Amino acid sequence: MTPARTICLGFVAVILAGAILLMLPISTSDSNWGNFITALFMSTSAVCVTGLAVVDPGTFYNFTGQAVLLLLCQIGGLGYMTATTFLLLLIGRKFSLREKVTLQQSLDISGIRSGVPLVKSIIVTTILLEVIGVFLMTPEFEKSFDLGRSLWCATFHSVSAFNNAGFSLFPNNLINYVHSPIINFTVTGLIILGGIGYQVILEVYLWLRMKIRRSQDRFSFSLNFKVATSTTVVLLLLGTLGILLTELNNPKTIGEFSATEKLMVAWFQSVTARTAGFNTIDYSGMTLAGLFVTIILMFIGASPSGTGGGIKTTTLRVLTNCTHAALQGEDDVHLYNRQISSVLILKAVGVIIGSMLTVMVSTTLLLVTEPKIDFVKILFESVSAFGTVGLSTGITAQVSALGQIVLILTMYTGRVGVLLLIGAIFGDSRRKLVKYPEETLLVG
């Protein structure tokens, strides 16, 4: 049981447990046993914080089923090892060396001693931000529901937003709140904070604490912080501009809104396309250009150690700078006056190639199982599943049982990561002691 296998099998165990709970009569609104494939799909979508749904969570499941779904989203957002570590901390059990190494690999940190303190910080940060989201959204929901229902809706959507899950209790997601600045900006704020990564949030906290205490020490942000934040800002602005331009005159999406509302709606779709899955417009009415812009954003995804999926912002930045170095005829790749190691570059290349292959295989299989659905909608669904986004053009419920299995495997691959899944299947790689002679070949 290597660390990679522990993490991958842990996710499988949580998914299966969630599927069984969602099948039970105590979870469904009609008090009957649910279909296993449907339960498995919804459980996978929740644990993989995707948000794709073959049934409406708000009507198909009762309060118990919705609570199970929300718990699975929380576990999936935190990550299997983080959630397990938290439970072990609660019962006071000591960690073995294997568990510490697995936690280190899961959080992608250096040093096994920093894992448990980081988990404590992650739990506190998560609870704090989700509670703030509940307080902000409850008054807005009270305009339509009583206090109890409003609190539950605010809690469900706050947890779902921070974990980038995208599940909603409303049949048309958040379309009814397209004109609400409170819902729009609270949800997008939670999505960004959840997707940007816990390490980035903790660095901001440490920097603010130092400023408040007026410490004379100089605080230096990590390279991960600089790359994740700068790339996120650029992608959010470009995504907003792209969606605004492609949907500007489309009466089915934002064409009938005022200038201010168009900007707010475009901002929301730009944020949610980065692995969240909420929507305030009907994606089935989007232009092909708008869908393509969204596909690009979904494929890129969030940042490392965040609750989102995709190839990650740091991977994109490393590959972009690799291209820049090649065009400039440079031998090394640099980011913010730091040299990027060849190991990291190879990992980025492996992520992008593995991700593209996963999307291509998933899309091909869906085209075979769903021959009556348009190619663009199939591609959109496949990328949404891999990027653990959850956006859809409305075809999810129409997909056959075989198609649902394809999407289940795609969501799972996107959540655990291509490289981690390959490592779990084939085992840890061994360093080769033999070095071969170098030779050139034509490229490009």
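Scope of this entry: the structure provided in the associated data block. (Residues numbered from 1 in each chain as written. Predicted model: local features only at pLDDT ≥ 70, side-chain atom pairs only at ≥ 80, totals over all residues. Heavy atoms only, no water.)

### Things to note about the overall build of the chain
Point 1. Per the secondary structure count, the chain includes 18 helices and two strands.
Point 2. Against the globule reference of 22 Å for 444 residues, the chain gives a C-alpha radius of gyration of 22 Å, in line with a compact fold.
Point 3. In terms of overall dimensions, the chain has C-alpha extents of about 65 × 55 × 55 Å along its principal axes.
Point 4. For the chain, restricting intrachain contacts to residue pairs at least 6 apart in sequence, the fraction spanning at least 24 positions comes to 68%.
Point 5. Counting every atom, the chain has about 21,800 Å² of accessible surface; 65% of that belongs to carbon and sulfur.
Point 6. Across the chain, the mean location of the 29 positive side-chain charges is 12 Å away from that of the 23 negative side-chain charges. (Helix = DSSP H or I, 4+ residues; strand = E, 2+ residues; numbered from the N terminus. Rg over C-alpha atoms; globule rule 2.2 N^0.38 Å. Contact = heavy atoms within 4.5 Å. Areas by Shrake-Rupley, 256 points an atom, 1.4 Å probe, with all protein chains shown as cover. Lys, Arg positive; Asp, Glu negative; His and termini not counted. Charge placed at Lys NZ, Arg CZ, Asp CG, Glu CD.)

### Remarks on a nonpolar patch on the surface
Point 1. On the surface, Val349, Ile353, Met356, Leu357 and Met360 cluster together into a nonpolar patch covering about 430 Å² of accessible area.
Point 2. Examined against the element boundaries, Leu357 turns out to sit in helix H15 (residues 342-369). (Patch = residues over 30% accessible without salt bridge, like charges linked within 9 Å, V, L, I, M, F, W, Y side chains within 5 Å. Salt bridge = Lys/Arg side-chain N within 4 Å of Asp/Glu carboxyl O.)

### Quick notes on the side chain of Thr388
Point 1. Mapped onto the elements of the fold, Thr388 is located in the loop between helix H16 (375-386) and helix H17 (401-416).
Point 2. Classification of Thr388 by relative accessible area gives buried; the value is 0%.
Point 3. When residues no more than four places from it in sequence are discounted, the contact partners of Thr388 are Cys48, Val49, Thr50, Asn164, Thr275, Gly308, Gly309, Met411, Gly414 and Arg415. (Buried < 20%, exposed > 50% of the residue type's maximum accessible area, 1.4 Å probe, protein only.)

### Description of the environment of Ile395
Point 1. Here Ile395 is to be found in the loop between H16 and H17.
Point 2. Residues Ile395 and Asp374, 21 residues apart in the sequence, show an inter-C-alpha distance of 9.9 Å.
Point 3. Excluding residues within four positions of it along the chain, Ile395 makes contact with Ile373, Lys377, Ile378 and Glu381.

### Section: the packing of aromatic side chains
Point 1. Enumeration over the complete set of coordinates arrives at 13 aromatic pairs.
Point 2. On the basis of an interplanar angle of 5 degrees and a centroid distance of 6.0 Å, the ring pair of Phe145 and Phe170 is categorised as stacked. You can see Phe145 sitting in the loop between helix H7 (115-141) and helix H8 (147-162) and its partner Phe170 sitting in the loop between H8 and helix H9 (181-196), a full 25 residues away along the chain.
Point 3. Taking the relative accessible area as the measure of exposure, Phe145 reaches 28% and is therefore partly exposed.
Point 4. Phe170 sits in the buried class, given a relative accessible area of 10%.
Point 5. Judged by centre distance (6.1 Å) and plane angle (45 degrees), the ring pair of Trp207 and Phe221 falls under tilted. Here Trp207 is found in helix H10 (residues 198-212), whereas its partner Phe221 is found in the loop between H10 and helix H11 (223-247), with 14 residues between them in sequence.
Point 6. The class of Phe221 is partly exposed, set by a relative accessible area of 22%.
Point 7. An aromatic cluster is built from Phe141, Phe145, Phe170 and Tyr177, whose rings are joined through pairwise contacts.
Point 8. Over the aromatic face of Phe145 sits the side chain of Arg149, whose NZ or CZ is 5.6 Å from the ring centroid. (Phe/Tyr/Trp six-rings, centres within 6.5 Å; stacked < 30°, edge-to-face > 60°. Lys NZ or Arg CZ within 6 Å of the ring centre and 35° of its normal.)

### Quick look at the packing of helix H1 (residues 3-23) against helix H18 (residues 418-426)
Point 1. Two elements in contact, H1 and H18, have axes whose closest approach is 8 Å; the angle formed by their N-to-C orientations is 110 degrees. With respect to H18, the axis of H1 lies roughly perpendicular. Only Leu420, Leu421, Gly423, Ala424, Ile425 and Phe426 of H18 make contact with H1, whose side of the interface consists of Ala4, Arg5, Ile7 and Cys8.
Point 2. Counted by class, the contact of H1 with H18 contains eight nonpolar, one polar and one charged residues. (Axes fitted to C-alpha atoms, helices over the stretch in contact; angles between N-to-C directions. Parallel < 35°, antiparallel > 145°, perpendicular 65-115°, else oblique. Nonpolar A, V, L, I, M, F, W, Y, C, P; charged D, E, K, R; others polar.)

### Describing the nonpolar core
Point 1. Counting residues in hydrophobic clusters, the biggest one holds 77 residues, and the most contacted among them are Leu22, Phe41, Met42, Phe141, Phe167, Leu174 and Val187.
Point 2. The element best represented in this core is H1, accounting for nine residues. (Core = buried A, V, L, I, M, F, W, Y, C linked by side-chain atoms within 4.5 Å.)

### Examining the environment of Ile378
Point 1. Turning to its location among the elements, Ile378 is positioned in helix H16.
Point 2. Separated by 238 residues in the primary sequence, Ile378 and Glu140 have C-alpha atoms spaced 35 Å apart.

### Quick look at the pattern of salt bridges
Point 1. Throughout the structure, instances matching the rule amount to one salt bridge.
Point 2. The closest approach of N and O atoms between Lys143 and Glu140, which form a salt bridge, is 3.3 Å.
Point 3. Judged by its relative accessible area of 64%, Lys143 falls in the exposed class.

### A closer look at unusual backbone geometry
Point 1. Notably, Lys312 is not glycine yet its phi reads approximately 85 degrees, a positive angle.
Point 2. Examined against the element boundaries, Lys312 turns out to sit in the loop between helix H13 (288-300) and helix H14 (313-327).
Point 3. Residue Lys312 is classed as buried on the basis of its relative accessible area, which comes to 18%.

### As for the environment of Phe141
Point 1. Counting through the fold element by element, Phe141 comes out in helix H7.
Point 2. Remark: the alpha-carbon pair of Phe141 and Asn250, spanning 109 residues in sequence, is separated by 29 Å.
Point 3. Setting aside its immediate chain neighbours within four residues, Phe141 contacts Ser150, Cys153, Ala154, His157, Phe170, Tyr177 and Ile183.

### Examining the packing of H17 against H18
Point 1. Viewed as axis vectors pointing N to C, H17 and H18 meet at an angle of 100 degrees, and their least axial separation amounts to 6 Å. By the angle between their directions, the pair H17 and H18 is classed as roughly perpendicular. Across from Tyr412, Thr413 and Val416 in H17, the residues of H18 making contact are Val418, Leu420 and Leu421.
Point 2. Across the contact of H17 with H18, the residue classes break down as five nonpolar, one polar and no charged.

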